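Chain and residue survey
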Amino acid sequence: MSPRGNRVVITGAGTINALAHDVAGTLEAFREGRCGITELDIRDKERLSIRIGGQVHNWDPEDRFNRQQIVLYDKFTQFTLLAAREAVAQSGLNFEGRLGYETGVILGTAGGGVNTWDENYRAVYEEGKNRVHPFVVPKLMNNAACSHVSMEFHLKGPSFTVATACASSNHAMGQAFHMVRSGMTKAMLTGGSESMLCFGGIKAWEGLRVMSKDACRPFSLNRNGMVQGEGAAVFVFEDYEHARARGAEILAEVVGFAMTSDAADIVMPSKHGAARAIAGALRDAGVNGEDVGYINAHGTGTAANDKTECAAVADVFGPHADRLMISSTKSMHGHLIGGTGAVELLACIMALRDGVIAPTIGYEEPDPECALDVVPNAARDAKVDVVLSNAFAFGGLNAVLALRRA
Amino acid sequence: MARSVQEKVIAIIAEQAVLEPSDVTMTSTLEDLGIDSLGLVESIFAIEEAFDISVPFNANDPGSSAFDISSVAAIVAAVEGLVAARAA
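Residues numbered from 1 in each chain as written. Chains lettered and ligands numbered in written order. Predicted model: local features only at pLDDT ≥ 70, side-chain atom pairs only at ≥ 80, totals over all residues. Heavy atoms only, no water.

1. Description of the overall build of chain B
Selection criterion: By definition, any uninterrupted DSSP run of H or I lasting at least four residues is a helix, any uninterrupted run of E lasting at least two residues is a strand, and each is numbered from the N terminus. Put simply, the radius of gyration uses C-alpha atoms, and a globule should come to 2.2 Å times the residue count raised to 0.38. We call a residue buried when its accessible area falls under 20% of the maximum for its residue type, exposed when it is over 50%, and partly exposed in between, using a 1.4 Å probe and counting protein chains only. Note on definitions: a residue-residue contact is assigned when non-hydrogen atoms from the two residues lie within 4.5 Å. The Shrake-Rupley method, run with a 1.4 Å probe sphere, supplies the accessible areas, and residue values consider only the shown protein chains as cover.
Within chain B, the regular secondary structure consists of 3 helices and 0 strands. Start at the N end of chain B and walk to the C end: the helices and strands fall as α-α-α. Over its C-alpha atoms chain B spans a radius of gyration of 12 Å, differing by no more than 12% from the 12 Å that the globule rule assigns to 88 residues. In terms of principal-axis extent, the alpha carbons of chain B reach across some 35 × 30 × 20 Å. Each of the 88 residues in chain B was classed as buried or not, and the buried ones make up 41%. Put simply, 53% of the contacts in chain B that link residues at least 6 apart link residues at least 24 apart. Accessible surface, chain B: about 4,800 Å² in total, of which carbon and sulfur atoms supply 54%.

Next up, the structure:
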């Protein structure tokens, strides 16, 4: 045991997002700096002023689920289950025996079954129907994905869903990390999912006037807002001794986590809240700032986030801020809101395992307020030992994870 | 017509700033009136609803938006332009 508890490692990963329907395809897109943001294909698009997104294309639930499952699975649950299947298969774990009692599920989502809300409000308000399908509630609830994962894999330990807007996944993975580290569980399935790309979901975001109509360009002087994405990523977090004893392949070690609240503004970010979370994750991991080679930024592409995040990094790391790399993969897969930290953890694992740093694409003009090495437009080969993943949510809730090379 | 646009815009801004309309002058800036970024987005929404127009405004880059928010007079002029364009 380390001074803080058991060591925690990642032994499985799965995803579906705008770039690919699996981890291998997503990492390939990261290496190529490919953009998954396209014109949206959704109902009533002509009434939207925002018409682009990181949408999952070529998705037919009937390829993956039977009719009884589809009536219960909102798209955010479908995405989660697909990602969980890939992660569990990679880990090689079987939860049917005792391990199932020692493993739980903690997932993040901001909106849960937004498509189900949207479709059924349409039915009762627009179409004037007085009856909806009997499973609307179990389909839309925010914990539906978590519960279906626990049922599919026989996971009977501590399980719940975290909703902290854009930081949901990082908060979820932080909780999962704590549970394995403390010995409360042997393993956890964790990550997050989001599927808000429907008329009501986008219309709500339009209202804030922070969305870009053309592209997500984090840290670029001409950035003009965020672009929504959808999808999921799920990981298997496992007790290191347990993983080692069975000879499992270790993708990375989770070494630190910290969370803070700005207690300041419901939408504007705070440099101090972000900096305290970053510094807290370093302290929790027992690493020095100089050890950090890469940060997967929150990097939303809004004016406010990107400059505040860069200022926070500069504050925490001092002169080392100019030597580390920081990139935002939201430029490729969009902002998955409650699922974003999970998909972005894949870029952290790629940096540690493959020595490839995912780029910030769409970068066109340097911004003096974001004067860090943002790995513009092309992936880079670099050996890094420790990486961070930032998430700073609306509501001022911040969550930062630290990972180390296995 | 022009006067009523001015009166309605000032009433919307005054309500957002929690002031009397008489305290809002044409040379006031939103900053003078204590309206922050959220208050601005809410004011623009109220203007769109009041005049049935769409205001081109992106909070990421207020400076380069086609909609000039540098003063109350600028906002009134911009709204008048949008109202005229809608009527045309």
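2. Considerations on a nonpolar patch on the surface
The condition that has to hold: Every patch collects residues that have over 30% relative accessible area and no salt bridge, joining them within 9 Å if they carry like charges and within 5 Å if they are nonpolar side chains (Val, Leu, Ile, Met, Phe, Trp, Tyr). The term salt bridge refers to a side-chain nitrogen of Lys or Arg lying within 4 Å of a carboxyl oxygen of Asp or Glu.
A surface patch of nonpolar side chains, amounting to about 380 Å² of accessible area, comprises A:Trp117, A:Tyr121 and A:Tyr125. Along the polypeptide, A:Tyr125 turns up in helix H4 (residues 114-126).

3. As for the interface of chain B and chain A
To keep things clear, this is the line we draw: For this analysis, a polar contact is any N or O atom pair within 3.5 Å, provided that within protein one partner can donate a hydrogen and the other can accept it, and provided that sequence-adjacent residues contribute only side-chain to side-chain pairs. In this count, Pro and Cys sit with the nonpolar residues alongside Ala, Val, Leu, Ile, Met, Phe, Trp and Tyr, while Asp, Glu, Lys and Arg are called charged and the others, Gly among them, polar.
Each partner contributes to the interface: chain B provides 10 residues, whereas chain A provides 13 residues. Along the contact surface separating chain B from chain A lie 1 salt bridge. Put simply, B:Glu48 and A:Arg209 hold a salt bridge, and the shortest N to O gap is 2.6 Å. At the junction of chain B and chain A, the tally comes to 8 residue pairs in polar contact (both at pLDDT 80 or more). Residues that form the side of chain B that touches chain A fall into these classes: 6 nonpolar, 3 polar and 1 charged.

4. Observations regarding the sheet that holds strand S6 (residues 187-194) of chain A
Residues and elements named next belong to chain A. Note the threshold: Each pair of strands is called paired provided DSSP finds at least two bridges between the two strands. Each axis is a line fitted through C-alpha atoms, and for a helix only the stretch in contact is used; angles between axes span 0 to 180 degrees, taken between their N-to-C directions.
Read across the open sheet, the 10 strands follow the order S5-S4-S6-S7-S1-S8-S14-S13-S9-S10; overall the sheet is mixed. The open sheet is flanked by strand S5 (160-162) and strand S10 (325-327), the only strands paired with a single partner. Going from strand to strand, the sheet's axes swing by 25° on average, the running direction of each strand aside. Of the pairings in the sheet, the one linking strand S8 (residues 252-261) to strand S14 (residues 397-404) comprises 8 bridges and is antiparallel in character. Opposite Met259, over in S14, you have Ala399 as the bridge partner. Here helix H13 (residues 340-354) sits on the sheet and contacts strand S1 (8-17), S6, strand S7 (231-239), S8, strand S9 (292-296), strand S13 (386-393) and S14; the angle it forms with S13, its principal contact strand, is near 165°.

5. A word on the packing of aromatic side chains
All names here are of chain A. The criterion, for reference: Each pair of aromatic rings taken from Phe, Tyr and Trp, with Trp reduced to its six-membered ring, is defined by centres within 6.5 Å and is described as stacked if the planes are under 30 degrees apart, edge-to-face if over 60, and tilted in the remaining cases.
According to the stated counting rule, one finds 5 aromatic pairs over all chains in the structure shown. With centroids separated by 5.2 Å and ring planes inclined at 90°, the aromatic side chains of Phe65 and Tyr73 adopt a geometry described as edge-to-face. In this structure Phe65 comes out as buried when scored by relative accessible area, which is 5%. Residue classification places Tyr73 among the buried residues on the basis of a relative accessible area of 7%. For the pair Tyr121 and Tyr125, a centre-to-centre distance of 5.3 Å together with 20° between the ring planes defines the contact as stacked. One end of the pair, Tyr121, and the other, Tyr125, are both in helix H4, 4 residues apart, so they sit about a helical turn from each other.

6. Describing the domain arrangement of chain A
Residues and elements named next belong to chain A. Rules: Where each domain begins and ends is defined by an automated method or by a domain database. The quantity reported as buried area is the accessible area (1.4 Å probe) lost by two parts once they are put together, taken as the sum for both.
Splitting chain A by domain gives domain 1 (8-245) and domain 2 (256-404). Here the C-alpha centre of domain 2 lies 21 Å away from the C-alpha centre of domain 1. Contacts between the two partners involve 62 residues from domain 1 and, on the opposite side, 64 residues from domain 2. Across the interface of domain 1 and domain 2, roughly 4,700 Å² is buried in total on both sides, 70% from carbon and sulfur atoms. Area buried by domain 1 at its contact with domain 2 is led by Phe30, Cys166 and Phe219, which between them contribute 19% of it. Counting every contact that joins domain 1 to domain 2 gives 5 salt bridges. Between Asp354 and Arg31 there is a salt bridge; the shortest N-O distance is 4.0 Å. Remark: the boundary between domain 1 and domain 2 carries 17 residue pairs in polar contact (both at pLDDT 80 or more). Among the secondary structure elements, those contributing two or more residues to the side of domain 1 that touches domain 2 are S1, helix H1 (23-32), helix H7 (168-182), S6, helix H8 (199-208) and S7. The element contributing the most residues to the side of domain 1 that touches domain 2 is H7, with 10 residues. The class makeup of the residues in the side of domain 1 that touches domain 2 is 29 nonpolar, 26 polar and 7 charged.

7. Thoughts on the UniProt feature "domain: Ketosynthase family 3 (KS3)" (unreviewed entry) in chain A
Our working definition: UniProt positions are given in the numbering used here, feature names are shortened, and annotations may be inferred rather than shown by experiment.
Here the UniProt-annotated "domain: Ketosynthase family 3 (KS3)" (unreviewed entry) positions come out as residues 5-405 of chain A. Helix makes up 35% of residues 5-405 of chain A and strand 19%. Its end C-alpha atoms lie 19 Å apart.

8. Side note on helix H3 (residues 72-87) of chain B
To be explicit about the condition: Here the expected length of a helix is defined as 1.5 Å per residue gap, with one fewer gap than residues.
A rise of 1.5 Å per residue sets the reference length of H3(B), with its 16 residues, at 22 Å; its end C-alpha atoms lie 22 Å apart and thus fit the reference within 8%. When H3(B) is considered as a whole, its buried residues turn out to be B:Val72, B:Ala74, B:Ile75, B:Val76, B:Ala78, B:Val79 and B:Val83.

9. Some points on the nonpolar core
All names here are of chain A. Which entries qualify depends on this criterion: Joining through side-chain atoms within 4.5 Å is the link that ties buried Ala, Val, Leu, Ile, Met, Phe, Trp, Tyr and Cys residues into a set, and such a set is a nonpolar core.
If you look at the biggest cluster of nonpolar residues, it comprises 68 residues, and the most contacted ones within it are Ile10, Phe30, Phe235, Phe237, Tyr294 and Leu403. Residues from two domains meet in this core; each of domain 1 (8-245) and domain 2 (256-404) gives at least three. Setting aside its immediate chain neighbours within four residues, Ile10 contacts Phe235, Val236, Phe237, Glu249, Ile250, Leu251, Ala252, Val254, Leu345, Ile349 and Leu403. Counting residues in hydrophobic clusters, the runner-up holds 30 residues, among them Ala258, Val287, Val292 and Leu388.

10. Re the pattern of salt bridges
All names here are of chain A. Taken as a whole and assessed by the stated rule, the structure comprises 28 salt bridges over all chains. For Arg43, the salt bridge identified is with Glu127, shortest N-O distance 3.8 Å. Residue Arg43 is located in the loop between strand S2 (38-39) and strand S3 (52-53), and its partner Glu127 is located in the loop between H4 and helix H5 (136-140); the two are separated by 84 residues in the primary sequence. Taking the relative accessible area as the measure of exposure, Arg43 reaches 49% and is therefore partly exposed.

11. A word on the side chain of A:Asp44
With respect to the helices and strands, A:Asp44 occurs in the loop between S2 and S3. Non-local contacts of A:Asp44, meaning those with residues more than four positions away in its chain, are made with A:Arg122 and A:Phe199.

12. Quick word on the side chain of A:Asp262
Residues and elements named next belong to chain A. The condition that has to hold: By the counting scheme adopted, Arg and Lys are positive, Glu and Asp are negative, and His together with the chain ends is not counted.
By the secondary structure assignment, Asp262 is in the loop between S8 and helix H10 (271-285). Arg276 is the oppositely charged side chain nearest to the buried, salt-bridge-free Asp262, at an N-O distance of 5.4 Å. In this structure, Asp262 is in contact with Met268, Pro269, Ser270, Gly273, Ala274, Gly396 and Asn398, ignoring residues within four places of it in sequence.

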